[in-house]
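These are the residues of each chain, in order.
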Amino acid sequence: MLEKLTVLTAFYALATATDVRKLKAASRHGKRSYMVLLLCSLYFSTDYLLDVQWPDLQWLARQLLLHPAQAIIESLGAKHA
């Protein structure tokens, strides 16, 4: 876990160091977009670091697309496994 924490700390330190100047000059919309991406990154980094089974992008895609996909398959009359 210490190795993972070291790598993530180095990653965020380098990312922050390179983005500080750009963020100061960015518009409000740009800053908000950056923060949303940063929060998503922190969520997945915490999941990776603590090795917990939190919902990920595959789970989200399955939740959003499973029922519409099944409805399309049923409307076409195809059989699925």
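What you see is a predicted model; the values in this text were computed from it and never measured.

Draft legend 1. Examining the packing of helix α1 (residues 2–25) against helix α2 (residues 28–50) more closely. Two elements in contact, α1 and α2, have axes whose closest approach is 12 Å; the angle formed by their N-to-C orientations is 175°. Between α1 and α2, the angle falls in the class roughly antiparallel. On α2, the residues that touch K4, L5, L8, F11, Y12, A15, D19, L23 and K24 of α1 are K31, Y34, L38, S41, L42, S45, Y48 and L49. Classifying every residue of the contact of α1 with α2 gives 11 nonpolar, two polar and four charged.

Draft legend 2. Quick look at α1. With 24 residues, α1 should reach 34 Å at 1.5 Å per residue; the first-to-last C-alpha distance of 35 Å fits that figure. Those residues of α1 that fall on the buried side of the exposure criterion are L8, Y12 and D19. For α1, the elements touching its buried residues are α2.

Draft legend 3. Structural view of the side chain of D19. For D19, the location among the structural elements is in helix α1. The side chain of D19 sits in the buried core without any salt bridge; K22 is the nearest counter-charge, 5.0 Å away. At 2.8 Å, the side chain of D19 and the side chain of Y34 are in polar contact.

Draft legend 4. Representation of the packing of aromatic side chains within the structure. The final tally for this structure, using the stated rule, is three aromatic pairs. On the numbers, 5.1 Å between centres and 75° between planes, the contact of Y43 with F44 is edge-to-face. Both rings, one in Y43 and one in W54, keep their centres 5.4 Å apart while their planes meet at 25°; by these two values the pair is stacked. Taken as a pair, Y43 in helix α2 and W54 in the loop between α2 and α3 (57–76) lie far apart in primary sequence, 11 residues in all. Taking the relative accessible area as the measure of exposure, Y43 reaches 31% and is therefore partly exposed.

Draft legend 5. Representation of α3. Between its first and last C-alpha atoms α3 spans 28 Å; for 20 residues at 1.5 Å apiece the expected length is 28 Å, and the two agree. By the largest-angle criterion, L65 marks the main kink of α3, which is about 40°, and a proline, P68, follows within four residues. Phi turns positive one or two residues past the end of α3, at G77, with a value near 75°.

Draft legend 6. Region of the structure containing unusual backbone geometry. Here the phi dihedral of D51 falls at roughly 55°; this positive angle occurs in a residue that is not glycine. When you line up the elements, D51 lands in the loop between α2 and α3. A residue is classified by how much of its surface remains accessible, and D51, at 56% relative accessible area, is exposed.

Rules and cut-offs
Residues numbered from 1 in each chain as written. Predicted model: local features only at pLDDT ≥ 70, side-chain atom pairs only at ≥ 80, totals over all residues. Heavy atoms only, no water. Axes fitted to C-alpha atoms, helices over the stretch in contact; angles between N-to-C directions. Helix = DSSP H or I, 4+ residues; strand = E, 2+ residues; numbered from the N terminus. Parallel < 35°, antiparallel > 145°, perpendicular 65-115°, else oblique. Contact = heavy atoms within 4.5 Å. Nonpolar A, V, L, I, M, F, W, Y, C, P; charged D, E, K, R; others polar. Expected span 1.5 Å × (residues − 1). Buried < 20%, exposed > 50% of the residue type's maximum accessible area, 1.4 Å probe, protein only. Lys, Arg positive; Asp, Glu negative; His and termini not counted. Salt bridge = Lys/Arg side-chain N within 4 Å of Asp/Glu carboxyl O. Polar contact = N/O pair within 3.5 Å; in protein donor to acceptor, adjacent residues only side chain to side chain. Phe/Tyr/Trp six-rings, centres within 6.5 Å; stacked < 30°, edge-to-face > 60°. Bend = angle between axes of the 7 residues up to and from the residue.

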